[in-house]
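Tertiary structure, described
Chain residues, written in single-letter form:
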Amino acid sequence: MATLMAPALDCALSCFVSADPASSGARPESSTYDLRCDVGAGASERLRERDARLLGALIGHACGDALGAPAEFLSSFEAQRRWDTVDRFVGGGNAGWEPGEWTDDHAMTLCVAEGILESPNDPVEAIGQRFLAWYDAGPKDVGGTSLEALRERRRRTSWHEAARHTPQARRGLSAGNGSLMRVLPVALAYADKEEMLR
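Basis of the calculations
What you see as residue numbers is a count from 1 along each chain, following the sequence as written. Per-residue local features are limited, in this predicted model, to residues with pLDDT of at least 70; the limit for side-chain atom pairs, both in listing and counting, is 80 or more; totals at the level of whole chains, interfaces and linings are taken over all residues. Side-chain numbers come from the whole structure's heavy atoms, not from hydrogens or water. Numbering goes from the N terminus for both helices and strands, where a helix is a DSSP run of H or I of at least four residues and a strand is a run of E of at least two. Under the scheme applied here, a residue whose accessible area is under 20% of the maximum for its type counts as buried, over 50% as exposed, and between as partly exposed, the area being computed with a 1.4 Å probe on protein chains only. Note on contacts: a residue pair qualifies if any of its non-hydrogen atoms lie within 4.5 Å across the two residues. Residues belong to a common nonpolar core when they are buried Ala, Val, Leu, Ile, Met, Phe, Trp, Tyr or Cys residues joined through side-chain atoms within 4.5 Å. In summary, the pairing rule links any two rings of Phe, Tyr or Trp, Trp by its six-membered ring, whose centres are within 6.5 Å, and it sorts them by plane angle into stacked for under 30 degrees, edge-to-face for over 60 and tilted for everything else. To get an axis, fit a line to the C-alpha atoms, keeping to the stretch in contact for a helix; angles then go from 0 to 180 degrees between the N-to-C directions. Each angle gets one of four labels, with under 35 degrees taken as roughly parallel, over 145 as roughly antiparallel, 65 to 115 as roughly perpendicular, and the rest as oblique. In this classification, the charged set is Asp, Glu, Lys and Arg, the nonpolar set is Ala, Val, Leu, Ile, Met, Phe, Trp, Tyr, Cys and Pro, and all remaining amino acids, among them Gly, are polar. Both cavities and pockets are sets of points on a 1 Å grid over the protein atoms alone; in a cavity a 1.4 Å probe fits but cannot get out, in a pocket the set is open with protein on both sides within 12 Å along at least five of seven lines, and lining residues sit with an atom within 4 Å of a point. Grid points are joined across faces, edges and corners, and a volume is the space filled by probe spheres set on the points. Salt-bridge detection follows one rule: a side-chain nitrogen of Lys or Arg within 4 Å of a carboxyl oxygen of Asp or Glu.

1. A closer look at the overall build of the chain
The number of helices and strands found in the chain is eleven helices and zero strands. Its helices and strands taken in sequence order, the chain reads α-α-α-α-α-α-α-α-α-α-α from the N to the C terminus. Residues classed as buried in the chain amount to 40% of the 198 residues present. Here the analysis covers contacts within the chain between residues at least 6 apart in sequence; of these, 61% occur between residues at least 24 apart.

So this is what it looks like as structure tokens:
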């Protein structure tokens, strides 16, 4: 059940959610985080280990996104020419990312996670409302298909209808990989494949 991921996800969200909703990603005042997760004194070792893995997955997602942000949309040749190996947060890129700032990919992943926590049995609307709030806050960058789906949702009665009516979907070009970059909370929340796909 999705609610089983709540302690680790709440801990991860408290580490990542920025006080400035217009920001695509939180930037620390210092480089130190306390990432301990208090899951309660009675929590079993198995529960603590599982929560640590959930938290690690979300932290890894954020770090990977922020590490790769400056190289987004560059060819591997161009990225290698600029940095040889990207092994630190350098900032820059198409949206002028700050070092350590994540992109729309992780920001929308957090929206998915929060929506699942709010409504694990039917999270689509809760996730969508968070997407709209994030978009309304004016992020630095929004992927093309996501942008059109968000705009279409304002004109349609459901997210399904909005997705079907994006210009990309009408032309058969909506097969981007953005949804893959945001699916981590789904995999973490629904261990049972049948529950996940319903």
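Picking up after the structure, the text goes on.
2. Remarks on the nonpolar core
Within the largest apolar cluster, 19 residues are counted, with the highest numbers of intra-cluster contacts made by Trp 102, Ile 116, Phe 131, Trp 134 and Leu 150. Secondary-structure elements contributing two or more residues to this core are helix H2 (45–68), helix H4 (104–118), helix H5 (124–136) and helix H6 (144–153). Of the residues forming this core, the biggest block, six residues, is contributed by H4. The residues contacting Phe 131, other than those within four sequence positions of it, are Met 108, Cys 111, Val 112, Leu 150, Trp 159 and Arg 182.

3. Remarks on the packing of aromatic side chains
Counted according to the given criterion, the structure contains one aromatic pair. When the centroid spacing of 6.4 Å and the interplanar angle of 85° are considered together, the rings of Phe 131 and Trp 159 count as edge-to-face. Of this pair, Phe 131 sits in helix H5 while Trp 159 sits in helix H7 (residues 159–164), and the two are 28 residues apart along the sequence. Trp 159 carries the same exposure label as Phe 131, and that label is buried.

4. Examining the packing of H5 against H6
Each pair of packed helices can be described by the angle between their axes along with the distance between the axes. Following both chains from N to C, one finds H5 and H6 inclined at 105°, their axes separated by 11 Å at the closest point. Compared by their axis directions, H5 and H6 come out roughly perpendicular. Two secondary-structure elements touch here, H5 through Glu 125, Phe 131, Leu 132, Trp 134 and Tyr 135 and H6 through Leu 147, Leu 150, Arg 151 and Arg 153. For the contact of H5 with H6, a count of residues per class yields six nonpolar, no polar and three charged.

5. Considerations on the layout of surface pockets
Of the voids in this model, the largest pocket is the one considered here, and its volume is about 1,200 Å³. Lining the largest pocket are 40 residues, with Val 112, Phe 131, Gly 178, Ser 179 and Arg 182 sitting closest to its centre. Broken down by secondary-structure element, the contributors of at least two residues to the lining of the largest pocket are H4, H5, H6, H7, helix H9 (178–181) and helix H11 (193–197). Broken down by class, the residue content of the lining of the largest pocket amounts to 19 nonpolar, 13 polar and eight charged.

6. Remarks on the pattern of salt bridges
Going through the model one piece at a time under the given rule, you end up with 13 salt bridges. Here Glu 114 makes a salt bridge to Arg 130, at a shortest N to O gap of 3.6 Å. Note that Glu 114 is positioned in helix H4 and Arg 130 in helix H5, a separation of 16 residues in sequence. A salt bridge links Arg 130 to Glu 118, with the shortest nitrogen-to-oxygen separation between them at 2.8 Å.

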